[in-house]
Structure formats: C-alpha cells, structure tokens
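Listed here are the chains, written in short residue letters.
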Amino acid sequence: MKWVCYLGISLFLGCGSGGSGEGQSGELVIEPATANVLVSNGVAAGIEYKVFQVDGSSRKEVTSEVTLSSPAGSFSAGTFTASGNVAGTSAIVARRGTDSGEATVTVSVELERIETGLPGDIADTFDNATDSTGALDILYPTADTHLPPNLGELETHWTINVGDTVRLVLETEFTKISIFAPAQGKLPLLPAEWLPLAVPGQTTDVDVKVSTLTLATPQTSDSATSNFRIVEESVLGGIYYWDSTGGPSNAGGVMRHDMAKVGEKAELFTPDGVEETRCVGCHALSRDGSKIALRYNGGHVNQSNIMDVASGDRVYVGGQETEQWTVASFAPDNRHLVVSADAGLSIVDSDDGSRRPLLNGNFTHHDVSPLGDKIVYVEFGGGNTLNITRGTVMVGDLDIAASTITNQVVIDQGDAGVNNYYTAFSPDGKWVLFNKDESAASGGTSNENSRSMLYIAPADGSSPAFQLSLPSQAVGLTNSWPKWAPFVNQESGESVMWLTFSSKRPVGNDNSASKPQLWMAPFYPERQGDARSAPAFWLPFQDITHGNHIAQWTEVVVAID
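About the thresholds
Residues numbered from 1 in each chain as written. Predicted model: local features only at pLDDT ≥ 70, side-chain atom pairs only at ≥ 80, totals over all residues. Heavy atoms only, no water. Phe/Tyr/Trp six-rings, centres within 6.5 Å; stacked < 30°, edge-to-face > 60°. Helix = DSSP H or I, 4+ residues; strand = E, 2+ residues; numbered from the N terminus. Buried < 20%, exposed > 50% of the residue type's maximum accessible area, 1.4 Å probe, protein only. Polar contact = N/O pair within 3.5 Å; in protein donor to acceptor, adjacent residues only side chain to side chain. Pairing = 2+ DSSP bridges. Axes fitted to C-alpha atoms, helices over the stretch in contact; angles between N-to-C directions.

Undergrad: So, the packing of aromatic side chains: which residues are in play, and what are the values?
TA: Counting across every chain of the model gives 16 aromatic pairs. Seen in terms of ring centroids, Tyr-422 and Trp-481 are 3.8 Å apart; in terms of plane orientation they differ by 15 degrees. Their pairing is stacked. Within this pair, whereas Tyr-422 is found in strand β38 (residues 419–425), its partner Trp-481 is found in strand β42 (residues 480–484), the two being separated by 59 residues in sequence. On the accessibility criterion, Tyr-422 (6% relative accessible area) is buried. A connected cluster of aromatic rings, assembled from ring pairs, spans Trp-431, Phe-466, Trp-484 and Phe-523.

Undergrad: Quick rundown of the side chain of Thr-385? Include the residues and the values.
TA: Along the polypeptide, Thr-385 turns up in the loop between β34 (382–383) and β35 (388–389). Within the structure, Thr-385 has its side chain in polar contact with the side chain of Thr-326 (distance 2.6 Å).

Undergrad: Please set out the sheet that holds strand β9 (residues 79–82) residue by residue, giving values where relevant.
TA: Taken in spatial order, the three strands of this open sheet run β4-β9-β8, and their pairing is antiparallel. The open sheet has two free edges, formed respectively by β4 (47–48) and β8 (73–76), since each of these has just one partner strand. Sheet topology places β4 next to β9; two bridges connect them, and they run antiparallel. Residue pairing across strands places Glu-48 opposite Thr-79, the latter belonging to β9.

Undergrad: Tell me about the sheet that holds strand β28 (residues 328–330), residues and numbers included.
TA: Strand order in the open sheet made by the four strands is β28-β29-β30-β31, with antiparallel pairing throughout. In this open sheet, the two strands that pair with only one neighbour each are β28 and β31 (355–360). Geometrically, the sheet is characterised by an average inter-axis angle of 25 degrees between neighbouring strands, direction not taken into account. As paired elements, β28 and strand β29 (residues 336–341) share three bridges and run antiparallel to each other. Across the sheet, residue Ser-329 finds its bridge partner in β29, namely Val-338.

Spelled out as structure tokens, the structure:
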C-alpha cells in the first residue's frame with residue numbers, strides 16, 4: 001500500500017473579537033478571529049495566532065503569556081497545526097489566569113489511499129471515465145444507518161465481480177476520503193480515516209460512493225451511492241455476550257468488551273480452567289459490573305453460579321435442583337437478583353445464596369427496571385422457562401424486600417397465534433423491548449425463531465406495542481435476545497437509546513448468515529413511525545465466524561485481578 005501525499009492549504013484570515021467583544025476592559029482577543037485550513041494526507045501549514053489584552057483604548061500583545069488550545073490540533077508558542085483527526089469548526093481558546101478569549105478554526109480534511117499495485121494516476125483514470133449506475137449495489141452499511149462515534153471501525157461492502165479496480169469515496173461537509181484498491185467486495189476504513197468522520201459532539205452525515213472499472217478499458221465506470229450518519233455521543237458501558245463456539249475447546253464461553261476501548265476486540269471472560277465453561281448461557285450482570293450470574297451445562301434449568309467479576313471467585317454455587325434457575329436479572333442494588341425456574345420467579349441474595357419465592361406459575365424472560373421498582377416478565381402457555389410458546393408480556397410493581405409483585409399490567413397478549421418473549425427495560429425505565437412472533441400458530445417458539453421481530457411498548461401499558469421495522473428488517477433473520485445499552489444519550493437535543501440483538505443475517509458480503517451475530521440500532525422515543533429507529537449495524541469487536549448471543553450490558557467493565 002502507498003500513500004499519495006500532496007499539500008493544499010487555504011487560509012481565510014479575519015480580524016474580529018474573540019471572547020465577549022473587543023473593547024471590554026481586560027479582555028483577551030485572538031487574531032485571526034476566524035480561519036480555514038485544509039489538512040491533506042496529514043500535511044497542513046501552521047496558522048500564526050496572536051493574543052491581545054484589550055483594556056479600554058489600550059491594546060497589548062500577550063501571546064507569550066497565555067495558554068492556547070484547541071481540540072482540532074496543537075500549538076507551539078502561537079503557531080497552530082491542525083491534527084487532521086477533527087474536521088469541522090472548533091474553538092481556539094486563550095487562557096491566562098481567570099481571563100480567556102476565543103476564536104474559531106474550520107478544518108477540512110482530505111485523505112487519499114492507493115493500495116499497492118495500482119498506478120499513481122488512478123484518481124485521474126476514474127475522474128475521466130464515464131460514470132454509469134445499475135451494475136453495483138452497496139450492501140453495507142444500509143442507507144440511513146446511524147452509528148456512534150466510538151464504533152471505531154467500519155467496512156463498506158458492495159456487489160462483487162464488477163470491474164477489477166474500485167474507488168470508495170466517503171464525503172462530509174468537511175472531510176473527503178478516497179480509497180483506491182484492486183476489485184474486491186469490501187474495504188475497511190483505517191483508524192486515521194475514521195477519526196475525521198467521527199467527531200464527538202457533532203452529528204455528521206456521510207455520503208458514500210463506490211465506483212469500479214476495468215483498467216484495460218477504463219472509459220466507463222459503474223457506481224452506486226448510499227449514506228450513513230455518525231451521531232453526537234458515544235455508546236458507553238460494557239457488553240458481555242455468549243459465544244457459543246468460543247471459549248475452551250471452542251465449546252462456548254462468555255466474551256466481554258468495553259465500549260470505551262475503541263478498536264479493540266472482545267476478550268474471553270469465563271476462565272479456561274473451569275470445566276463447566278463448555279456451555280455458559282443466560283448470564284446476567286449487576287449494573288456496577290461487579291457480579292455476574294452464570295448457568296453451566298445447558299438445558300432450560302441447570303447449575304447456577306454467581307461470580308465476583310474482579311477475582312473470578314464463585315460467591316455462590318447452586319448445585320441442587322431447588323437452587324438452579326434459567327433466566328436471571330439483577331436489581332439496581334447490585335445484590336439481589338430475580339431468577340426464573342419451573343416453580344416460577346424467585347429472589348436470590350447474591351451475598352449468601354438465600355432464595356425467596358416471588359411469583360408462582362409459568363413466568364420467565366424477566367427484567368428488573370433501572371430503579372428497581374418495576375419488573376417486566378412473560379407468562380407463557382407452553383414449553384419451559386427457556387423455550388416458551390404463547391407468551392404474554394406483563395409489567396408489575398416490584399418490592400424486593402416484601403417479595404411481591406402487584407398492579408400487573410398486560411403489555412402484549414400472547415395466544416395460539418402470537419408468542420412474546422425476551423423482555424428488557426430501557427435505561428430510563430419508560431419502555432419495554434421484546435421479541436414477538438405473530439405467526440406462532442405455525443409452531444414458533446422462543447428458540448431461534450426465524451420469524452421473530454423487535455417490538456417496543458410503553459412500560460405503563462398506555463399504548464400498544466409497535467414494531468421496530470428498520471432494525472428488524474425482515475422475517476427469517478432470527479432477531480433474538482434484545483437488550484439495552486445502559487445510558488440515555490442525546491442527539492441534536494433529543495433522547496436516543498441504543499439496543500442490541502442477535503440475528504442471523506449477512507454482514508454485506510461476509511458471513512453466510514448461518515451463525516447469529518450481534519447487531520445494534522438506536523431508538524428515538526420522541527419520534528413516531530419508522531423515524532423512531534434506523535437500520536442495524538454489525539458490532540465489529542466480535543468474531544464473525546462464531547455464534548454470538550445474549551448481549552447483556554453493564555455500566556462498568558470491572559478490571560480482572
């Protein structure tokens with residue numbers, strides 16, 4: 001691979017007030033007040049700044065006495081150099097004691113990458129070709145996908161076997177990335193190419209264009225266009241998921257990933273030396289990340305454990321039949337958890353393993369609300385606590401101390417033709433996310449149901465549940481185990497919450513869709529219709545060749561001793 005480097009600099013220098021306005025006593029004024037700079041393949045000219053103290057009619061240069069800073073680059077004395085990692089308009093701030101002043105700089109970034117084996121004038125070859133459409137389709141990411149800035153990695157996939165050379169262009173108001181490579185079905189962005197697109201604190205709309213041509217006959221190129229959006233705030237927290245083909249002897253294990261560790265792959269959490277890791281499922285995390293509840297050896301009810309995350313010590317082992325469970329959910333006190341078993345729902349104290357009955361009957365697939373005052377659960381009409389049929393979603397008031405559920409409300413009724421299951425509270429406690437199969441009369445259960453779709457309803461039952469059609473996409477994809485990221489984010493002044501689920505669908509040209517993968521999508525509670533969400537995207541920290549399920553979230557990823 002080789003980089004083509006060239007230099008393009010444009011500066012618009014203007015005089016004007018930084019801070020609160022020139023002429024006020026003691027004010028720091030930065031000049032130039034506005035500037036534009038182009039960073040091309042990491043190369044940019046420096047901008048010389050001067051800072052003045054303005055006091056009435058007097059004006060004194062104090063550049064050497066102030067500290068200058070900007071998120072868009074660095075300073076050496078009064079000279080600013082843009083890093084190229086931040087595109088768009090950023091502040092230039094001068095500080096001296098309690099005094100401050102401000103200017104702005106607008107940074108544009110252009111990156112061009114030419115893979116090894118292609119001629120240096122390949123950009124001109126594409127520019128001189130006649131552009132046509134129709135032969136290509138961009139397969140991933142789906143148009144109008146919303147991505148968090150800390151995703152860190154992105155591949156663009158398109159129709160293969162068209163031409164022998166490809167150009168991928170990603171362009172925003174302030175950034176243009178052009179990648180040239182031998183023909184293939186996908187191209188990844190390098191970290192240095194992702195950074196100027198994904199600027200925290202601002203929404204960025206990215207236009208995508210893929211063009212291919214044959215070098216021997218380069219007069220015509222085929223092209224396709226798409227787009228995606230990078231939102232303002234990062235998705236934070238930790239995600240623990242069951243890799244059914246990972247762990248010791250490729251027999252299954254719990255993987256984990258800290259969303260703050262951009263670009264890193266998930267790590268195996270369950271220890272290699274524990275024999276029972278041959279099948280670990282239906283895990284649950286405390287909200288502070290300190291404890292994890294695990295079930296070993298498979299089946300709908302089996303050996304249950306509570307483990308201290310930092311030390312790996314088992315603080316409780318449920319070896320007897322009466323101590324086993326299927327699904328678990330921690331209360332926000334990080335001590336008590338509600339579990340389901342054949343007898344119904346119970347409360348387990350993770351400190352000593354003591355157990356109290358909560359609700360007798362066919363109840364499972366539950367979740368405790370973030371405040372601990374509510375519980376959502378499923379009453380099922382057939383099957384067992386793991387693999388159910390005819391599930392009805394219900395919400396009730398939960399009293400952990402009294403071991404009671406009261407004031408139950410039906411959120412979505414199940415029957416011979418409808419099965420609801422796998423419930424989860426939103427991080428603000430106002431919404432319930434679950435799976436629904438509306439064709440259950442043909443035998444649909446909760447086990448890898450190909451017709452399962454994602455549904456959301458208000459937790460108070462005030463209005464009917466609605467389908468998240470854009471992330472669900474279609475029947476036949478086994479959309480399963482939906483869960484919420486733990487925090488409420490903001491996007492252009494409105495709330496956005498993020499959800500994950502497992503699905504058997506291809507990632508563009510990759511994955512035959514024979515194994516489930518983890519996908520993520522946003523939910524905008526203040527919107528209506530399809531605008532409430534967006535198409536799902538694949539989480540890049542996982543192994544695409546493995547089967548990945550049940551992405552449980554926690555607010556903190558606790559370090560392992």
